[in-house]
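Residue-level structure breakdown
The residues making up each chain are set out below.
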Amino acid sequence: MTDQLIDFLDTCPTAYHTADELVRRLTSSGFVPLDEGVAWAFEPRSRYLVRRGGAVVAWITGGRPVEDAGFRITTAHTDSPFLRIKHAAAQTAGGYLVAPIEVYGSPIYSTWFDRELEVAGVLAVVSEGDRGRRTRLLPFRLADARVVIPSLAYHLNRSVNDGAAVNAHDHLRVVLGSADDRDPRSALKEAAARSVGVGVDSIIHAEFHLCDARGAAPTGLAGEFLTAHGLDNKAACFSIYRALANAEPRDTTLLAVWYDHEEIGSRTPSGAESVFLRRLLERIAGSPEAMARAAARSAIVSQDAAHAVHPNYTNKHDRAYAPVLGGGPVLKTDVNQRYAASVELAAHIRLLCREAGFAVQELINRADNRPGSTVGPFSAAQTGIATIDVGIPLLAMHSVRETAAPSDVNAMTDITSAFFAEE
Ligand code: ZN
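Residues numbered from 1 in each chain as written. Predicted model: local features only at pLDDT ≥ 70, side-chain atom pairs only at ≥ 80, totals over all residues. Heavy atoms only, no water.

1. Re the coordination of the zinc ion
Ideal values differ by geometry: the angle at a metal is 109.5 degrees with four tetrahedral donors, but 90 or 180 degrees with six octahedral donors. Distances from the zinc ion to its protein donors, His77 (NE2), Asp232 (OD), Asp304 (OD) and Asp304 (OD), fall at 1.9 to 2.7 Å. One can describe the site at the zinc ion as irregular: its four donor atoms subtend angles covering 53 to 144 degrees at the metal. Written as a sequence motif, the donor residues of the zinc ion are H-x154-D-x71-D. Taken together, the residues His77 in strand 4 (residues 71-77) and Asp304 in the loop between strand 16 (299-303) and strand 17 (306-307) connect sequence positions 227 residues apart. Here His77 matches Asp304 in class, with each residue buried. (Donors = N, O, S within 2.8 Å, 3.2 Å for Na, K, Ca; no water. Tetrahedral: all angles 85-135°; square planar, octahedral: opposite > 155°, others 65-115°. Helix = DSSP H or I, 4+ residues; strand = E, 2+ residues; numbered from the N terminus. Buried < 20%, exposed > 50% of the residue type's maximum accessible area, 1.4 Å probe, protein only.)

2. Focus on the side chain of His398
With respect to the helices and strands, the residue His398 is situated in the loop between strand 21 (393-394) and strand 22 (402-404). Not counting residues within four places of it along the chain, the set of residues in contact with His398 comprises Pro81, Ser106, Pro107, Ile108, Asp232 and Glu263. (Contact = heavy atoms within 4.5 Å.)

3. Some points on the sheet that holds strand 16
The strand order across the open sheet built from nine strands is 1-2-3-15-4-16-20-18-19, with neighbouring strands paired in mixed fashion. The strands lining the two open edges of the sheet, one partner per strand, are strand 1 (32-33) and strand 19 (361-363). Pairing of strand 1 with strand 2 (residues 47-52), which is carried by two bridges, proceeds in the parallel orientation. Of the residues in strand 2, the one forming a bridge with Val32 is Tyr48. Those strands touched by helix 2 (residues 15-28) are strand 1, strand 2, strand 3 (55-60) and strand 15 (253-259), and its axis lies near 160 degrees from that of strand 2. Packed on one face of the sheet, helix 11 (residues 406-421) meets strand 4, strand 15, strand 16 and strand 20 (387-391) and runs near 155 degrees to strand 4. (Pairing = 2+ DSSP bridges. Axes fitted to C-alpha atoms, helices over the stretch in contact; angles between N-to-C directions.)

4. A short note on the packing of aromatic side chains
Scanning all chains against the criterion turns up nine aromatic pairs. An angle of 70 degrees between the planes, with centres 5.9 Å apart, marks the rings of Trp40 and Phe42 as edge-to-face. When its relative accessible area of 17% is taken as the criterion, Trp40 is described as buried. By relative accessible area, Phe42 is classed as partly exposed at 25%. Joined through ring pairs, the aromatic side chains of Trp40, Phe42, Tyr48 and Trp59 make up one cluster. Between the NZ or CZ atom of Arg283 and the centre of the ring of Trp40, over which it lies, the distance is 3.7 Å. Geometry around Tyr339 places Lys332 over its ring, the cationic atom sitting 4.7 Å from the centre. (Phe/Tyr/Trp six-rings, centres within 6.5 Å; stacked < 30°, edge-to-face > 60°. Lys NZ or Arg CZ within 6 Å of the ring centre and 35° of its normal.)

Set out below in structure tokens:
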């Protein structure tokens, strides 16, 4: 399973690639892609999916109508913090070709220095054909080129180990190479065009993301951990995919949501604080009345990473609420509902874990630390469906490389499968 997880992580440098990969895998597992813009008709006990940008929803219709049997829903997010290159502002400076960046979400800046970075993203390509003009989106990766954000030498910044501030605009400019005859503003576009075999003039719009170029790698003397870019939340994307792809149809409709834009607050058409999921559920239900009845019989398990206790900062956790890597799934609760915390579902998750033979770890943050949020509370508020937040323990959340335990990812897959298998 670890090899499969590594393969998935290494195939998905951006949210767009993650959505692409999920669609590719789900389609080959028999899920039929639907167009949101046309009328839908469903067969019972059948598999469907919808893609919206970096988000995907896939489901297996139940043997009974949803107003009688409800939905069993699980959610994750495809995005992770990253740096976006302002490619048109690239310039030569000090003999180098450099580009300023824009920060997506809340990364730990210091972790982005001095490592091989990959440029990946999506191109909007226009083509003229018999049936007129057509624009298509092409994800790309610059597989052969690596770039770097060099730190300043210690001798030129002797206070660096005392917590030197990083100004994102001035200090995170990425070095793309040496200054030469290239036009700095089109250098990246030309490289991207070559990588996907299109003419540079056909690119009407482009997004260039920076991501860690090193693949996911086992760590720990026995290989018991895994260190990788974007484990928050691609590890959950993977366990949910595995559980849904292997699920058998039930009376209940089983549904998985991979949202985009969690790291920037979820307030986009493909994020959790949108009508995306609610409208989709309404279409499956068939009427507002059926949807209201279905919601009362449904449950959402929201999966996102939980802070594992850090051996060098143990005082950041309460002792009884200090999850460890490899210790099993984490039930995340917050009295202010920054994590979705349905009491009934908390009990339900504990029972599922007990029956599956997993210990449950628990995370409640220290009273002097306000937790980050997840998609859970947004899905709960948008749909009116009882929701609980769970996840794998994770070290170094929002570092360019995070560390988790594959055994916990496996456990979350099993718990998700057990949740789907209940009648
Ligand atoms: Zn997350």
